[in-house]
Amino acid sequence: MDALQAIVGRWVSREMLLFLLVLVTLPIWIEPFGLYQYLGVEIVIWMIYGFGFNLLLGYSGLPSFGHGAFFGIGAYAFGLFQVQIFENLLLGIMGAVAASFVAGAIVACFLSHRRGIYFALMTIAFGQVFWFIAIKWHALTGGEDGLLNIPRPALEVAVTSVGLGSNVALFYFALSVLAVVIVVLWRLVHSPFGKVLQAIRQNETRARFVGYNVWLFKWAAFSLSAAIAGLAGSLFSMAQQSAYPDVMSLHASGIIVMMTLIGGGFVSFWGPAIGVAVYFLARDVLGTMTETWLLWFGLLFVLVVLFKPEGIAGAWQQYVGTGSHRRVASLFRLGRK
Amino acid sequence: MALFEAHGIHKRFGHQVVLEQINLSFESNQLSGVIGPNGAGKTTCFNVLTGRFKPDRGQVLFDGEDITGLAPNGIARRGISRSFQIMSLFDEYSALENLLIALPEVRKRGFSMMRRLDADSEAADRASCVLARVGLAGSEHRRAGDLAYGERRSLEIGVALAAEPRLLLLDEPTSGLGADATARLAELVRSLKSDYSIVVIEHDMRFLFDLADTISVIHWGQVIASGTPEALRENKWVRRSMLGRVE
Ligand SMILES: Nc1ncnc2c1ncn2[C@@H]1O[C@H](COP(=O)(O)OP(=O)(O)OP(=O)(O)O)[C@@H](O)[C@H]1O
Ligand SMILES: [Mg+2]
């Protein structure tokens, strides 16, 4: 029992359990709040996307403004697999992850020797290339309309088969994927690999001079993060039952950057989750009150960048870190350690 | 053959020739000094020797192997470690983490993704040892960015030491330090002398003339004199141009 506890303790943290507990109960309380089940699906998918994105932005310090490309490639790959090859959930997802990993790995070959603004500009350029291909390669992608009628294949476990037709079922499936992503990424950022990525973010030159092949680490971080974006994209194409070029646009790529920054990806592992939740709540709560909600969200982004670049998680850490709130702090520590 | 040799190194930036023709050799288990006026090309020379810049001409040999033009990480892996004149630390990491990252055993596992670095007590012990060695015992968990200037200077050397180098290159380790702190740092470098092969660039003549086994003087991109401190004291040119302060 103790041994089991030790193993669990090594992989799972208290914040993680709390976070997953909130999400597990979401289908029960989301409708009484006046919201709807599909929102939960969207939130969970974008959280997967956000956590993977933050490996690059927050941990490695590499700003990608073209990550929508890999989200989109995952979505198209999943759809094409189901429609052109055969209907299978897990193989389709694996195909999507592989496709976006390969695309990310190729792009990363052109990016990994760059830093700062040059890196950012290159990601925009590549993002636009993929977006353009998605619109113009009509035969494969369906052009502006996209791929339609993508099925939601059932989940086959041993002899039983669980249909994912309902949004609640799809929510729980996506949540299981999110749980795996979180456990793996949490582990990864505390591993030597993750520590080296953070070292490179802080001082690339010194990392090189203590013997690290910085190029290879950047390449790996980018490719991994692209693969996770593709994973999220595959779930998104199931959720929407279609795949379309919009998610690959510069605008869509910018949204994941905003979410991650507003949430506080630079100071907290949980930053992207906070940012995603805030974004969707703003969209659906503010959105019912005013058509210009995105303007207000954009304003929030500007304020965060100007006054609190560490985002909401950073503000929270500061609040909790000062004096009387230590107890709460020990319970809800959002820090990286 | 010396541990480290540089032959005919020439380096220019655009039209500006910074290193005309540098010949150096550093013996193992010695402390070699490099001196020269501001802008003489000392740091550039280190940068060429450690792979930051490729030389336009010339050859760099380490333990008989030609390492000319290798990338910095390749040279570091062969056992050449350096510190920087302008401090270069991982500011958001604790002092201990700065050293952990530099340990060869951590570097070799750099692509291990699923085991926890903070659970590796052996590596942490080794990093603590290095920290104590540079006089920062007890500062394990302080952020490098929060350390005092003098402490950061020591940590700068610590990061280079943690890599377990066969040759340690220090670029003006006392830069910006007051008299007391400079004396403490001199003690630290002296204590390293018995265990490492060291090359130190210094402005502070007194510092080097006390410590070094041999000294090379770089001026106008060339080594204009080299020898033991005693021999150099007698060198006319050195006397005239630089050693006013020593005597
Ligand atoms: N990357 C670079 N590009 C262009 N010029 C450079 C570069 N690095 C150094 N230089 C020039 O080379 C010359 C030598 O500089 P270097 O830093 O090597 O001198 P130094 O001997 O270390 O001086 P100091 O004692 O001030 O540290 C200077 O004129 C400097 O402007
Ligand atoms: Mg210099």
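Residues numbered from 1 in each chain as written. Chains lettered and ligands numbered in written order. Predicted model: local features only at pLDDT ≥ 70, side-chain atom pairs only at ≥ 80, totals over all residues. Heavy atoms only, no water.

## Comments concerning empty space enclosed by the protein
Residue and element names in this part refer to chain A.
Reasoning step 1: Summed over all chains, the structure comprises three cavities of 30 Å³ or more.
Reasoning step 2: If you go around the largest cavity, the residues you meet are Phe51, Asn54, Leu55, Tyr59, Leu185, Val189, Phe269 and Pro272.
Reasoning step 3: Elements supplying a minimum of two residues to the lining of the largest cavity: α4 (37-59) and α9 (167-190). (1 Å grid on protein atoms, 1.4 Å probe; cavity = no way out; pocket = protein on both sides within 12 Å on 5 of 7 lines; lining within 4 Å. Points joined across faces, edges and corners; volume = space filled by probe spheres on them. Helix = DSSP H or I, 4+ residues; strand = E, 2+ residues; numbered from the N terminus.)

## Things to note about the pattern of salt bridges
Reasoning step 1: All told, the structure shown has 21 salt bridges over all chains when counted by the stated rule.
Reasoning step 2: B:Arg142 is paired through a salt bridge with B:Glu151; the nearest N and O atoms lie 3.2 Å apart.
Reasoning step 3: Given a relative accessible area of 34%, B:Arg142 falls into the partly exposed group.
Reasoning step 4: Across the pair B:Glu187 and B:Arg190 runs a salt bridge whose closest N-O atoms are separated by 3.5 Å. On the criterion of helical spacing, the pair formed by B:Glu187 and B:Arg190 is a turn pair, its members being three residues apart in helix α7 (residues 179-193).
Reasoning step 5: According to the relative accessible area criterion, B:Arg190 is partly exposed, its value standing at 38%.
Reasoning step 6: Here the residues in one salt-bridge network are A:Arg115, A:Glu204, A:Arg208 and A:Lys218, joined through shared partners. (Salt bridge = Lys/Arg side-chain N within 4 Å of Asp/Glu carboxyl O. Buried < 20%, exposed > 50% of the residue type's maximum accessible area, 1.4 Å probe, protein only.)

## Quick notes on the coordination of the magnesium ion (ligand 2)
Residues and elements named next belong to chain B.
Reasoning step 1: Thr43 (OG1) and Gln85 (OE1) make up the full set of protein donors to the magnesium ion (ligand 2), lying at 1.9 to 2.1 Å. Here Thr43 is found in helix α1 (residues 42-49), whereas its partner Gln85 is found in the loop between β6 (80-82) and α3 (95-102), with 42 residues between them in sequence.
Reasoning step 2: Of the residues examined, Gln85 reaches a relative accessible area of 26% and is grouped as partly exposed. (Donors = N, O, S within 2.8 Å, 3.2 Å for Na, K, Ca; no water.)

## Section: the confidence of the model for chain A
Reasoning step 1: Residue-level pLDDT values for chain A average 89, and 95% of them are 70 or greater.
Reasoning step 2: For residues 323-337 of chain A, every residue scores under 50 in pLDDT, and the model assigns this stretch 30 contacts once sequence neighbours within four places are set aside. (pLDDT = per-residue confidence, 0-100. Contact = heavy atoms within 4.5 Å.)

## Description of the packing of α9(A) against helix α12 (residues 214-240) of chain A
All names here are of chain A.
Reasoning step 1: At their nearest, the axes of α9 and α12 sit 11 Å apart, and the two run at 175 degrees to each other. Relative to α12, the element α9 lies roughly antiparallel. The segment α9 lies against α12, with Leu170, Phe173, Ala174, Val177, Val181 and Leu185 engaging Ile228, Leu231, Leu235, Met238 and Ala239.
Reasoning step 2: Among the residues making up the contact of α9 with α12, the classes are represented as eleven nonpolar, no polar and no charged. (Axes fitted to C-alpha atoms, helices over the stretch in contact; angles between N-to-C directions. Parallel < 35°, antiparallel > 145°, perpendicular 65-115°, else oblique. Nonpolar A, V, L, I, M, F, W, Y, C, P; charged D, E, K, R; others polar.)

## Structural notes on the nonpolar core
Reasoning step 1: Counting 156 residues, the largest nonpolar core has A:Phe19, A:Trp46, A:Phe51 and A:Leu178 as its most contacted members.
Reasoning step 2: Residues in contact with A:Phe51, not counting those within four places in the same chain, are A:Phe19, A:Leu178, A:Ile182, A:Leu185, A:Phe269, A:Trp270, A:Pro272 and A:Ala273.
Reasoning step 3: By size, the runner-up hydrophobic cluster in this structure holds 25 residues, among which are B:Phe4, B:Ile22, B:Ile67 and B:Ile80. (Core = buried A, V, L, I, M, F, W, Y, C linked by side-chain atoms within 4.5 Å.)

## Quick notes on the packing of α9(A) against helix α10 (residues 192-202) of chain A
Helix-helix packing: each pair is described by the crossing angle between the helix axes and the interaxial distance.
Residue and element names in this part refer to chain A.
Reasoning step 1: For the pair α9 and α10, the least separation of the axes is 4 Å and the interaxial angle reads 65 degrees. Contacts from Leu188, Val189 and His190 in α9 reach Pro192, Phe193, Gly194, Lys195 and Gln198 in α10.
Reasoning step 2: Partitioning the contact of α9 with α10 into residue classes produces four nonpolar, three polar and one charged.

## A short note on the interface of chain B and chain A
Reasoning step 1: Taken together, the contact between chain B and chain A spans 33 residues of the former and 31 residues of the latter.
Reasoning step 2: At the boundary of chain B with chain A, total buried surface from both sides reaches about 3,000 Å², with 62% on carbon and sulfur atoms.
Reasoning step 3: For the salt bridge of B:Glu97 with A:Lys195, the shortest nitrogen-to-oxygen distance reads 3.0 Å.
Reasoning step 4: One can count 20 residue pairs in polar contact (both at pLDDT 80 or more) joining chain B with chain A. (Buried area = accessible area lost by both parts, 1.4 Å probe. Polar contact = N/O pair within 3.5 Å; in protein donor to acceptor, adjacent residues only side chain to side chain.)

## Topic: the environment of A:Val189
All names here are of chain A.
Reasoning step 1: Tracing the backbone shows Val189 in helix α9.
Reasoning step 2: Sequence separation between Val189 and Tyr59 is 130 residues; the distance between their C-alpha atoms is 7.8 Å.
Reasoning step 3: Ignoring anything within four residues of it in the chain, the contact list for Val189 reads Leu55, Tyr59, Gly194, Lys195, Gln198 and Phe269.

## A short note on the site of ligand 1
Residues and elements named next belong to chain B.
Reasoning step 1: Close to ligand 1 lie 15 residues; Gly39, Lys42, Thr43, Thr44 and Gln85 are nearest.
Reasoning step 2: Side-chain polar atom of Asn38 to an oxygen atom of ligand 1: 2.9 Å apart, as the coordinates give it.
Reasoning step 3: Note that an oxygen atom of ligand 1 is positioned 3.2 Å from one of the backbone N or O atoms of Ala40.
Reasoning step 4: Taken by itself ligand 1 offers 640 Å² of open surface, and the protein chains cover 64% of this.
Reasoning step 5: Listed by contribution, the elements that provide at least two residues to the shell around ligand 1 are β2 (16-26) and α1.
Reasoning step 6: A total of three residues in the shell around ligand 1 trace back to one element, the largest contributor, which is α1.
Reasoning step 7: Residues that form the shell around ligand 1 fall into these classes: five nonpolar, eight polar and two charged. (Near = heavy atom within 4 Å. Areas by Shrake-Rupley, 256 points an atom, 1.4 Å probe, with all protein chains shown as cover.)

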